[in-house]
Amino acid sequence: TERGQWMAGIIAERHAVIQHHRGVVMWEFEDAVCDLLTGHEPMPAAIEVRAGVAAVLGAFMGAMEVWLAGGATGPFPPVLDAGLGAAAAALAGSTTVLTSTVPAG
């Protein structure tokens, strides 16, 4: 979309925007998701929950960065699928993560 391409241009020029988003916004989002999944318990989420949420959100942000840096052309879901697949392969100890590619826009 035109808006997506506009955002991609800004982010490509301002890499710090992505880093801020990763460092602050996604961290807060990760905490909120963990709290939700653990039933709002006052203590930190179990390592299994936190690690799973972090892996999924990390794959999402990696896919988003690749998609935006590429000009946000084409649909995002195939890029996200590639990112989630690569994360799953890495967590499973597979070497296919080293040869995976992101589909062209």
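Residues numbered from 1 in each chain as written. Predicted model: local features only at pLDDT ≥ 70, side-chain atom pairs only at ≥ 80, totals over all residues. Heavy atoms only, no water.

Quick word on the packing of aromatic side chains
For the coordinates displayed, the defined rule picks out two aromatic pairs. Ring centres of Phe 60 and Phe 76 lie 5.7 Å apart, and the angle between their planes is 85 degrees; this geometry places the pair in the edge-to-face category. With Phe 60 in helix α3 (residues 47-69) and Phe 76 in the loop between α3 and α4 (77-91), the pair connects residues that are 16 residues apart, well separated along the chain. For Phe 76, a relative accessible area of 14% corresponds to the buried category. (Phe/Tyr/Trp six-rings, centres within 6.5 Å; stacked < 30°, edge-to-face > 60°. Helix = DSSP H or I, 4+ residues; strand = E, 2+ residues; numbered from the N terminus. Buried < 20%, exposed > 50% of the residue type's maximum accessible area, 1.4 Å probe, protein only.)

Thoughts on α4
Its 15 residues place the ends of α4 21 Å apart at the C-alpha level, agreeing with the 21 Å of an ideal helix rising 1.5 Å per residue. Of the positions making up α4, those classed as buried are Val 79, Leu 80, Ala 82, Gly 83, Ala 86 and Ala 89. Buried residues along α4 sit against α3. Where α4 terminates, the next one or two residues include Gly 93, which has phi positive at roughly 80 degrees. (Expected span 1.5 Å × (residues − 1). Contact = heavy atoms within 4.5 Å.)

Examining the pattern of salt bridges
Taken as a whole, this structure holds two salt bridges when the rule is applied. With a shortest N-O distance of 3.2 Å, Arg 50 and Glu 30 are connected by a salt bridge. Remark: Glu 30 occurs in helix α2 (residues 15-37) and Arg 50 occurs in helix α3; sequence separation between them is 20 residues. The residue Arg 50 makes a salt bridge to Asp 31 at a minimum N-O spacing of 3.0 Å. Of this pair, Arg 50 sits in helix α3 while Asp 31 sits in helix α2, and the two are 19 residues apart along the sequence. Here the salt bridges do not stand alone but share partners, grouping Glu 30, Asp 31 and Arg 50 into one network. (Salt bridge = Lys/Arg side-chain N within 4 Å of Asp/Glu carboxyl O.)

Shape is all these values report; function is a separate question.
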